[in-house]
Amino acid sequence: MQTRSIKSHFFVRNALLGSAAALAILPSSAMAQSAPAADETTNEAIVVTGSRPIAESEAAALQIQKNSDSLVSVVSSDAAGRLPDQNVAQATGRLPGVAVERDQGQARYISIRGAPNYWTTLSFDGINVVSPEGRDARFDSIPSAIAAQIIVSKAVTPDMPGETVSGNVNVITRSAFDYDGFHFAGKAGYGVAELGNRPQYEGSAVVSTRVPAGEGEIGVLVSGSYYQRDMITDNFETDYERVSQDQRPGAVSRFWAHETENKLYRLTRRNWSMSGRLDWKPDADNTISVRSIYTTFTDDEMRDNFRFDLDDRQSDLVANTADCGTAVNPTPTTTGYADVCIGNTPFKGTIYGIDIRQRSTLRAFEQSIFTNTVEGTHEFGDGWKLNWLGNYTESKDDRSVVGETTWDSPSIRNLRPTVAYDFSDLNFGRLSLFNTIQLSSPTRYQAGTQVTAIDSFTKPLTSLNVLDAVDTTKAYTAKFVVSRETEFLGGDAVLKAGFQFDQRAKTVDESNIVLNTAAQFATIGIPTTYSDFSLDTPFKGEIPMGYTFRYFDADKMHAASESAVKNFSFAPVTGNIYDVREQVYAGYVMANVKYDWGSLVGGARVEHVKNRGIAVATIGSVTAPVTAESDGTLVFPSLHLNFDVQDDQKIRIGFTSGAARADYDQLRPNVTVDDSNQRISGGNPAVKPERAYGLDAYYEYYVQPQGYFMFGAFYKKVEDVLYTSRRVFGSNALDSNNIDRSGYAFSGITNGGSGRVFGAEVAAQMQLDPYVSDLGLPDWMGGFGITANATYNDSEVTKPAILDAAGAVVSPERKVPLPGTSEVVYNVGAYYEKYGLSLRLQYQNRTNWADGFADNLDSAGDTYWANDDELDFSARYEISKGIEVYFDAANLLNNPGRRFSDPSNILTAQGVPTPFSSRYTIEWERFGRRYSGGIRVNF
């Protein structure tokens, strides 16, 4: 086995990653912190200098991957920093089988091998952390600067929580023992976002040292990071519906835009973090570690929202099944909405005298995670080891709105605009505004002169809303693991037994002030005409909207909000206030057995889960607190086989199991029972978790002298799939006063049918340097290298039929893909580094994926995100030892994010053959390219 030794400021031991199938970003020997001890029969070391950081760290990564006991792919130590990857989602999105979902152009959620994003869990140093949003772990709030390594575990093992269904993203913090003696690394940079010419700033620093302490050592490390970017977005959104009055021929597959809008953002987003770590090694057999991390994501948002209420007078249209004929009526008695007889189609037409609902929103959004851990590892004679830890984590999601004003058109039709719409271009919603002329008949209208400035239409102030909303999750974890090295099943084994207790309590407190009268407006002194509340500032975006507008004045919004808080009281929003507590008692046993031919890793985990929710419920005319409790026990077995075909070839086969529990807001017992309409809505504390059982089979080939090729297949069976759906309640739990509510329509989270997801992965990486001499190429060509990976997914689950109160089928049972699943995800990268220069170009692509599934055609069917791709470039040049300058360019293709509705699946299930259609664009945004540069130091 080859040993590579290169002068270094990074040192990576040949450690085993342990029983978790993982992808890792490895900047240091921190890998050993999450891994069992290295095989004592080997004493190999790989030292990485940084002079060719991509090539050399890939060599180190492949060595670790090859010697792991499970399915592991490893990305070089510099991967999170050598591309414009300021957050964990962006960094992991370049790995095989990992797809990201973006918000405002930035990676936010992570999906592993085609599974829903809520199947991916988040950990810091092996401790699962509840994201501020809940079980949908939001990764853009975590800067990659805090990570020593990021491990994406694909194959669940008994020492991992059972809620890890598709995988876990484990952020390992840095330790002073990753470095020899004193260490300092820093980064400072400045950039610009092309759209709106907005600035961005970034900086980070890590300082650590090791000092003697008796016979041992103490390591101290502190780090911090800051990243700010100002942003502008181009946006339009359109919501479609089926119109009951449209009964003309062809109406069955005709859907009309009931509203269209522009959301025009001025944003300032910030990520900053602080971390500290103290490690004490009194001797070779004992380690005590104390760690704290605080990370914050803030989003200061100014949003100007112009919403055109196209179906404002839908009732003007009289249902008629007759053909319109050939004559077009130029002076309709309707507004024109959904009226094919005046020549309108769903994608092009004119609507007369519609309402403009304008909102001006100022938000101060903030998410934070504060996690604190004390951990100890102790080795005893005869191969015994004890690991213990305690953790307290507090996550906060501050959803507060500083102020939101609403401006509405008056009811008089000829004071409203006439709108000519053109949605025939999938990537543009074109609007033209006109004055509305009332003809002699009071119900007949025409378009007058074209109007450019939307603020010339009358839109008086109708409301001001101030929202105070904070979600707080407090989590406590205690874990004890005992292991022993021994002989077992004819091999050298490490046997483990562990116990873990987790308690998570999420409280949601929400209250608001709503002002909507002239007297209230006068009390706080807010302008009631928009021209006095706005700025004469040109549009900062580039999308041709068809009208001009004025941005609202944030200073005046602040003043109005402060006055509202001073003069009026907040009122609780009882329907959104709740307290949910979850307790998990877990125990597991597992074994890692090594043989001459490979290894076996297996065991089982048992979890007993207790849930308690407190909220306010409204049943009929009674509103009162309600408490709901539930519990259950689940067993999660797993087994992994690693077979050495040859020294440079491996086969890995695994079986896994897991369960995805509903999110906390879905488990809350807030229930509203509407007897007059026979409806029930709210949380569902009794919903069962999704169960998943998976199989993996992978082949790895380590090309000599350096390179890698992998392909594999995976399969998961899914049961009790979670859906947000409408169905018959089907329970007498809410019956009272002799009222049977079992037949009421229920809207909320529920369990559906079963399904499966299967697919295949392939990955390769190769460097030209080892082959330059044999191929007779000049030495400079040895700087080229490539990386590539691709994942194919095919998923299918059963969406149950929707029944009405009488038991009739409203929507038939049908097959749908898992949400968040792209059929194909791939990354291709090429790099060149030599003579201190390092260049890298990276492309990633994922095909369409499902966003949500409709129960009926009221909203024009299921929704999908369209194909998403991104091209990034990075350059580094080492001007002297430990000092380099860098340049990053992100989102070079500048393609939009697009979401669309597709009614074809529902129509087909109803027996109406319809080809696949993505014509109904419901959301479109573009964010622009981003460029940044600066200096990095490392000593």
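This one's a predicted model, so the numbers in the text were calculated from it and none came from an experiment. (Residues numbered from 1 in each chain as written. Predicted model: local features only at pLDDT ≥ 70, side-chain atom pairs only at ≥ 80, totals over all residues. Heavy atoms only, no water.)

1. Some remarks on the overall build of the chain
Convention followed: Helix and strand definitions here come from DSSP, where helices need a minimum of 4 consecutive H or I residues and strands a minimum of 2 consecutive E residues; each element is numbered from the N-terminal end. The cut-offs for exposure are 20% and 50% of the maximum accessible area for each residue type, with area from a 1.4 Å probe on protein chains only; residues under the lower value are buried, those over the upper are exposed, and the others partly exposed. What makes two residues a contact is simply this: any of their non-hydrogen atoms within 4.5 Å. Note on areas: these come from Shrake-Rupley sampling with a 1.4 Å probe, and a residue is covered only by the protein chains present in the view. Just so you know, the count uses Lys and Arg for positive and Asp and Glu for negative, and it drops His and the chain ends. Charged side chains are reduced to one point each, which is NZ for Lys, CZ for Arg, CG for Asp and CD for Glu.
A tally of helices and strands in the chain yields eight helices and 50 strands. Of all 939 residues assigned to the chain, the portion counted as buried reaches 56%. Residue pairs in contact within the chain that sit at least 24 positions apart in sequence constitute 72% of those at least 6 positions apart. Element-wise, carbon and sulfur atoms account for 55% of the exposed surface of the chain, whose accessible area totals about 36200 Å². For the chain, the distance from the average position of its 86 positive side-chain charges to the average position of its 114 negative side-chain charges is 2 Å.

2. Considering a nonpolar patch on the surface
This is how the line gets drawn: Exposure above 30% relative accessible area and the absence of a salt bridge qualify a residue for a patch, where like charges join within 9 Å and nonpolar side chains (Val, Leu, Ile, Met, Phe, Trp, Tyr) within 5 Å. Salt bridges are identified by distance alone: a Lys or Arg side-chain nitrogen within 4 Å of an Asp or Glu carboxyl oxygen.
Taken together, the side chains of Trp597, Phe643, Val645, Ile651 and Ile653 define a hydrophobic patch exposed on the protein surface, amounting to about 390 Å² of accessible area. Listed by contribution, the elements that provide at least two residues to the nonpolar patch are β29 (622–646) and β30 (649–660). A relative accessible area of 32% means that Ile651 is categorised as partly exposed.

3. Brief notes about the pattern of salt bridges
Summed over the entire model, instances satisfying the criterion amount to 54 salt bridges. With a closest N to O distance of 3.9 Å, Glu394 and Lys396 form a salt bridge. Of the charged contacts in the structure, one is a salt bridge between Asp794 and Arg756, with a shortest N-O distance of 2.6 Å. Here Arg756 lies in strand β37 (residues 755–767) and Asp794 lies in strand β38 (residues 784–799), a separation of 38 residues in the sequence. When salt bridges that share partners are traced, they join Arg135, Glu163, Arg504, Glu582, Arg605, Glu607 and Arg661 into one network.

4. Side note on the side chain of Thr477
We apply this condition: Residues adjacent in sequence count toward polar contacts only when both atoms are side-chain atoms; beyond that, a polar contact is any pair of N or O atoms within 3.5 Å, and within protein one must be able to donate a hydrogen and the other to accept it.
Looking at the element boundaries, Thr477 is found in strand β24 (residues 461–488). Here the side chain of Thr477 touches Asp502 through a polar contact of 2.5 Å, side chain to side chain. Ignoring anything within four residues of it in the chain, the contact list for Thr477 reads Ile127, Leu389, Gly390, Asn391, Gln500, Phe501 and Asp502.

5. Details of the pairing of strand β25 (residues 491–515)
Rules: Criterion used throughout: strands pair if DSSP finds at least two bridges between them.
By the bridge criterion, 25 bridges tie β24 to β25 in an arrangement that is antiparallel. From the neighbouring strand, Val482 faces β25, where its bridge partner is Ala497. Count of turn residues in the β24/β25 antiparallel hairpin: two residues, of which Leu489 carries a positive phi of about 55 degrees. Relative to strand β27 (residues 578–595), β25 runs antiparallel, the two sharing 17 bridges. Its bridge partner lying in β27, Leu495 is registered against Ala591. Across two bridges, the pairing between β25 and strand β26 (residues 571–572) is antiparallel. In the sheet register, Ser511 faces β26, and the bridge partner there is Pro572.

6. Focus on the environment of Met160
Along the chain, Met160 falls in the loop between β9 (147–155) and β10 (167–173). Owing to a relative accessible area of 9%, Met160 belongs among the buried residues under this scheme. Linking Met160 and Val816, residues 656 residues apart in sequence, is a C-alpha distance of 30 Å.

7. Quick word on the environment of Gly782
Examined against the element boundaries, Gly782 turns out to sit in the loop between α7 (772–775) and β38. Note: C-alpha distance between Gly782 and Glu884 (102 residues apart in sequence) is 21 Å.

8. Side note on the confidence of the model for the chain
Which entries qualify depends on this criterion: Each residue carries a pLDDT score, the predictor's own confidence in it, on a scale running from 0 to 100.
Per-residue pLDDT for the chain averages 85, and the proportion of residues at 70 or more is 90%. When the elements of the chain are averaged for pLDDT, strand β1 (residues 10–13) gives the smallest value, 31, and helix α5 (residues 554–567) the largest, 97. Long-range and interchain partners of residues 1–50, a stretch whose pLDDT sits below 50, account for 167 contacts in this model, where long-range means more than four residues apart. Across residues 79–84, where pLDDT falls below 50, the model places 29 contacts with residues more than four positions away in sequence or in other chains.

9. Quick notes on the packing of aromatic side chains
Basically, it comes down to this: Aromatic rings from Phe, Tyr and Trp, with only the six-membered ring used for Trp, were paired whenever their centres fell within 6.5 Å, and each pair was classed as stacked if the ring planes differed by under 30 degrees, edge-to-face if by over 60, and tilted otherwise.
Here the structure, examined in full by the defined rule, presents 32 aromatic pairs. Judged by centre distance (4.9 Å) and plane angle (5 degrees), the rings of Tyr595 and Trp597 are stacked. By relative accessible area, which is 34% here, Trp597 ends up partly exposed. The structure contains a cluster of three or more aromatic residues connected by ring pairs, namely Tyr240, Phe255, Phe347, Tyr421, Phe423 and Tyr920.

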